[in-house]
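Listed below, chain by chain, are the residues.
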Amino acid sequence: NVPEFRVGDTVNVGCKIIEVKSGKERERIQNFEGLVIARKGEGVSETFTVRKVVSGIGVERIFPVNSPNIASITVTKKGKEEMYNIIKECLGTK
């Protein structure tokens with residue numbers, strides 16, 4: 001179940017992380033919350049890019065929509081596509 005979201009929305013993506021420590025596997029979910037800046041492809045090969053700023057440094061991560069490593073996708077805030085361009089101008093990137 002993938003919710004409807006588009007470029008400009010703020011999403012929270014729950015990623016499954018498998019840690020191996022002294023021979024034992026442990027699975028946990030790590031959340032990555034940020035602004036959707038791109039959606040590419042269609043069908044099985046569809047991907048989306050999420051951007052967030054951590055300690056003044058921009059971090060972008062690309063997720064496949066249909067990946068088994070994604071536990072959940074939650075839309076936290078609906079936005080407009082124009083918001084991304086405004087944010088880029090404020091940060092001084094082109």
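Everything quoted here is computed from the prediction, not taken from an experiment.

Participant: Describe unusual backbone geometry, listing the residues and the values that go with them.
Facilitator: Phi is positive for serine 22, close to 50°, though the residue is something other than glycine. Within the element layout of this structure, serine 22 appears in the loop between strand S1 (10–21) and strand S2 (24–40). Taking relative accessible area as the criterion, serine 22 reaches 72% and is therefore assigned exposed. Positive phi, close to 55°, is recorded for serine 55, a residue that is not glycine. Its place among the elements puts serine 55 in the loop between strand S3 (47–54) and strand S4 (57–64).

Participant: Break down the packing of aromatic side chains for me, citing the residues and quoting the values.
Facilitator: Taken as a whole and judged by the stated rule, the model has three aromatic pairs. Seen in terms of ring centroids, phenylalanine 5 and phenylalanine 48 are 5.0 Å apart; in terms of plane orientation they differ by 70°. Their pairing is edge-to-face. Here phenylalanine 5 is found in the segment before S1, whereas its partner phenylalanine 48 is found in strand S3, with 43 residues between them in sequence. For the pair phenylalanine 5 and phenylalanine 48, a shared accessibility class is recorded, and that class is buried. Each residue in the set Phe5, Phe32, Phe48 and Phe63 is aromatic and connected to the rest through ring pairs, giving one cluster. Above the face of the phenylalanine 5 ring, arginine 39 is positioned so that its terminal group lies 4.2 Å from the ring centre. The aromatic ring of phenylalanine 32 is capped on one face by arginine 61, whose charged end is 5.9 Å from the ring centroid.

Participant: Describe the environment of valine 65, and please don't skip the residues or the numbers.
Facilitator: Position of valine 65 among the secondary structure elements: in the loop between S4 and strand S5 (70–77). A residue is classified by how much of its surface remains accessible, and valine 65, at 7% relative accessible area, is buried. On a C-alpha basis, the gap between valine 65 and threonine 47 in space is 5.3 Å, while along the polypeptide they are 18 residues apart. If near-sequence neighbours (up to four positions away) are discounted, valine 65 is found in contact with Val2, Arg39, Glu46, Thr47 and Phe48.

Participant: Give a description of the pattern of salt bridges that names residues and reports values.
Facilitator: Enumeration over the complete set of coordinates arrives at five salt bridges. With a closest N to O distance of 3.7 Å, lysine 78 and aspartate 9 form a salt bridge. Within this pair, whereas lysine 78 is found in the loop between S5 and helix H1 (81–91), its partner aspartate 9 is found in the segment before S1, the two being separated by 69 residues in sequence. Given a relative accessible area of 57%, lysine 78 falls into the exposed group. The shortest N-O distance in the salt bridge between glutamate 46 and arginine 39 comes to 2.6 Å. Assessed through its relative accessible area of 17%, glutamate 46 is described here as buried. For arginine 39, a relative accessible area of 30% gives the class partly exposed. Connected via shared salt-bridge partners are Glu19, Arg26 and Arg28.

Analysis parameters
- Residues numbered from 1 in each chain as written.
- Predicted model: local features only at pLDDT ≥ 70, side-chain atom pairs only at ≥ 80, totals over all residues.
- Heavy atoms only, no water.
- Helix = DSSP H or I, 4+ residues; strand = E, 2+ residues; numbered from the N terminus.
- Buried < 20%, exposed > 50% of the residue type's maximum accessible area, 1.4 Å probe, protein only.
- Phe/Tyr/Trp six-rings, centres within 6.5 Å; stacked < 30°, edge-to-face > 60°.
- Lys NZ or Arg CZ within 6 Å of the ring centre and 35° of its normal.
- Contact = heavy atoms within 4.5 Å.
- Salt bridge = Lys/Arg side-chain N within 4 Å of Asp/Glu carboxyl O.

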